[in-house]
Amino acid sequence: MNQAREIGIIMNGASGRMGYRQHLVRSILAIRDEGGFELPNGERVTVRPLLVGRSEQKLAELASRHGIADYTTDLDAALADPQWEIYGDFLVTKARSAALRKAIAAGKTIYTEKPTAETLEESIELAQLAKDAGVKTGVVHDKLYLPGLQKLRRLIDSGFFGRILSVRGEFGYWVFEGDWQPAQRPSWNYRTEDGGGIIVDMFPHWNYVMENLFGGVRSVYAQAVTHIPERWDEQGERYAATADDAAYGVFELEGGVIAQINSSWTTRVDRDELVQFHVDGTHGSAVVGLFGAKIQPRNATPKPVWNPDLEDTIDYDATWQQVPANDVFLNGFRQQWQEFLTSYVLGTDYPFDLLAGARGVQLAEAGLASSASGSRVELPTLSLR
Ligand SMILES: NC(=O)c1ccc[n+]([C@@H]2O[C@H](COP(=O)([O-])OP(=O)(O)OC[C@H]3O[C@@H](n4cnc5c(N)ncnc54)[C@H](O)[C@@H]3O)[C@@H](O)[C@H]2O)c1
């Protein structure tokens, strides 16, 4: 095996839910523990994480649990040290833009969770700052790497659908209020003043999913609702849930596809998976989830006839065909980290950058504006100077 080039990565917020499980354990440590990975040019690359956070004790515990040599509570010192080439940000959304500004000013390559900022203006400013500083950036687009969505990508590329007409997405599950059973998500998610809300959380995801699979979003009509106005936090204290916990959206896409996506933390699951997209095309339809994908080509489409007097004898479930994986899919966060590191080392363009992240924030902001005004909101094309 070739000697691997080691890339130093600042992991800010490594103790958080996403920072720990997906970015540290499933991505960076998985890469490190396998001795790195090979680039298309045969070069090997591996990673060295520096854990950054606010609690020295938590960081020390994490570092010893995973055999990590480096941790610090001093972000400025980490940014000033050239051995750390990449700055990774997994902080709560509210803390992100201040940290990204510092990292850009320090000339670091940036890799960050979404949303990239709390407002469109700030997310564009960050993208502009990075461009002016000549800094490479990457923003998490993890849903595109779900096995189900990779199968969907294949279906689209193979021409299976003919002309795609519409997409219906259902995302969500019941998030416990926290009184008689602890909530399974952090309480800040349910407080607008702390950067919470299902639109700011999920619309950035739906933006890159639609943009990369069906067409960029041209307009949105959305209704954001707070169905459960009171919840209980991590300490068991009752708090006012000020943020939207469900959003019902209709999106008009470039090329004419219409997408409808429901996002909800206040629905009980009666689907195969926690997210599901139903895509209808002239030549076939597909239903895809996190892992699964099933199809119905036009040649195998049953012919239902509406008759309320007769029981329907068609077994609709049986009219769909499963799509095989035919491949081994890596954890999506890891796959994207590897692609970003590959692009960083080889100096190639990286499409999922801070401007792509800003488009996600733009959709979230437009969704909230639509909900407040009750009207459809157009999305102008964003560009940098
Ligand atoms: N890609 C995805 O699927 C996905 C899923 C969930 C969350 N997220 C995003 O990931 C980010 C983190 O979410 P999470 O669920 O892991 O949250 P979390 O609350 O579990 O973790 C947040 C981290 O930020 C740190 N932090 C909190 N307040 C801070 C402050 N004021 N200054 C500095 N650090 C602070 C915490 O110590 C913790 O390490 C959010 O921006 C969220 O939108 C992405």
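Residues numbered from 1 in each chain as written. Predicted model: local features only at pLDDT ≥ 70, side-chain atom pairs only at ≥ 80, totals over all residues. Heavy atoms only, no water.

Visitor: Which residues make up the site of the ligand, and what values do they have?
Guide: Taken together, 22 residues surround the ligand, and among them R17, M18, T93, D142 and K143 come closest. Between the ligand and S15 there is a distance of 3.2 Å, counted from an oxygen atom to a side-chain nitrogen or oxygen. In this structure, an oxygen atom belonging to the ligand sits 2.9 Å away from a side-chain N or O atom of K143. Alone, the ligand offers 860 Å² of accessible surface; in the complex the protein occludes 79% of this. Those elements that provide at least two residues to the shell around the ligand are helix 1 (17-33) and helix 4 (93-105). Top contributing element to the shell around the ligand by residue count: helix 4, with three residues. When its residues are assigned to classes, the shell around the ligand shows ten nonpolar, five polar and seven charged. Shared between two domains, the shell around the ligand takes at least three residues from each, and those domains are domain 1 (5-142 + 332-352) and domain 2 (143-327 + 362-373). (Near = heavy atom within 4 Å. Polar contact = N/O pair within 3.5 Å; in protein donor to acceptor, adjacent residues only side chain to side chain. Areas by Shrake-Rupley, 256 points an atom, 1.4 Å probe, with all protein chains shown as cover. Helix = DSSP H or I, 4+ residues; strand = E, 2+ residues; numbered from the N terminus. Nonpolar A, V, L, I, M, F, W, Y, C, P; charged D, E, K, R; others polar. Domains from an automatic or database assignment.)

Visitor: Tell me about the nonpolar core, and name the residues and values.
Guide: Ranked by size, the top nonpolar core spans 80 residues in total, and within it F203, F214 and F251 carry the most contacts. For this core, the element with the most residues is helix 7 (residues 198-213), which contributes nine residues. Here this core spans two domains, since at least three of its residues come from each of domain 1 (5-142 + 332-352) and domain 2 (143-327 + 362-373). The next biggest cluster of nonpolar side chains, apart from the first, holds 20 residues, and it includes W84, A99, L126 and V139. (Core = buried A, V, L, I, M, F, W, Y, C linked by side-chain atoms within 4.5 Å. Buried < 20%, exposed > 50% of the residue type's maximum accessible area, 1.4 Å probe, protein only.)

Visitor: Help me get a handle on the sheet that holds strand 8 (residues 164-172), residues and values and all.
Guide: Remark on secondary structure: sheet strands pair via backbone hydrogen bonds, oriented parallel or antiparallel. Spatially, 17-16-15-14-8-13-12-9-18 is the arrangement adopted by the nine strands of the open sheet, whose pairing is mixed. Across the chains shown, the open sheet's two edge strands, defined by having one partner strand only, are strand 17 (321-322) and strand 18 (377-378). Examined bridge by bridge, strand 16 (residues 293-297) and strand 17 share two bridges and lie antiparallel to one another. Within the sheet, the bridge partner assigned to K294 lies in strand 17 and is Q322. Relative to strand 15 (residues 284-289), helix 6 (residues 147-157) is tilted by about 160°, and along the sheet it contacts strand 8, strand 14 (275-281), strand 15 and strand 16. Most of the contacts of helix 9 (residues 354-373) go to strand 9 (residues 217-225), to which it runs at about 55°, and overall it touches strand 9, strand 12 (246-253) and strand 18. (Pairing = 2+ DSSP bridges. Contact = heavy atoms within 4.5 Å. Axes fitted to C-alpha atoms, helices over the stretch in contact; angles between N-to-C directions.)

Visitor: Please give an account of the packing of aromatic side chains that cites residues and values.
Guide: Tallying each qualifying case throughout the model produces eleven aromatic pairs. Arranged with centres 4.1 Å apart and planes meeting at 40°, the rings of Y111 and W337 form a pair that is tilted. With a gap of 226 residues between them, Y111 in strand 6 (residues 109-112) and W337 in helix 8 (residues 332-346) connect regions that are remote in the sequence. For W337, a relative accessible area of 0% corresponds to the buried category. One aromatic cluster is present, built from ring pairs that chain together Y111, W337, F340, Y350 and F352. Here R231 stacks its cationic end above the ring of Y190, 4.2 Å away from the centre of that ring. (Phe/Tyr/Trp six-rings, centres within 6.5 Å; stacked < 30°, edge-to-face > 60°. Lys NZ or Arg CZ within 6 Å of the ring centre and 35° of its normal.)

Visitor: Summarise helix 6; cite the residues concerned and give the values.
Guide: Buried within helix 6 we find P147, G148, L149, K151, L152, L155 and I156. Residues of helix 6 that are buried make contact with strand 8, helix 7, strand 14, strand 15 and strand 16. After helix 6 finishes, the residue G159 shows a positive phi value of roughly 85°.

Visitor: Let's hear about the packing of helix 1 against helix 2 (residues 56-66): which residues, and what values?
Guide: Running from N to C, helix 1 and helix 2 cross one another at 35°; their axes reach a closest spacing of 13 Å. In the crossing of helix 1 with helix 2, the sense of the turn from one axis to the other is right-handed. Only L62, R65 and H66 of helix 2 make contact with helix 1, whose side of the interface consists of Y20, V25, L29 and R32. (Left-handed = near helix turned anticlockwise from the far one by under 90°.)

Visitor: Help me get a handle on the domain arrangement of the protein, residues and values and all.
Guide: Here the domain parsing of the protein yields domain 1 (5-142 + 332-352) and domain 2 (143-327 + 362-373). At the junction of the two partners, domain 1 supplies 17 residues and domain 2 supplies 18 residues. Buried area between domain 1 and domain 2, summed over both chains or domains, comes out near 1,500 Å², and the portion from carbon and sulfur atoms is 56%. Ranking the residues of domain 1 by area buried against domain 2 places K114, H141 and D142 at the top, with a combined share of 36%. Where domain 1 packs against domain 2, one counts two salt bridges. With its nearest N and O atoms 2.8 Å apart, the salt bridge here joins K114 to D201. Here domain 1 and domain 2 share eleven residue pairs in polar contact (both at pLDDT 80 or more) between them. For the side of domain 1 that touches domain 2, the elements supplying multiple residues, two or more each, are helix 4 and helix 8. In terms of residue count, the dominant contributor to the side of domain 1 that touches domain 2 is helix 8 (four residues). Of the residues in the side of domain 1 that touches domain 2, the class split is five nonpolar, six polar and six charged. (Buried area = accessible area lost by both parts, 1.4 Å probe. Salt bridge = Lys/Arg side-chain N within 4 Å of Asp/Glu carboxyl O.)

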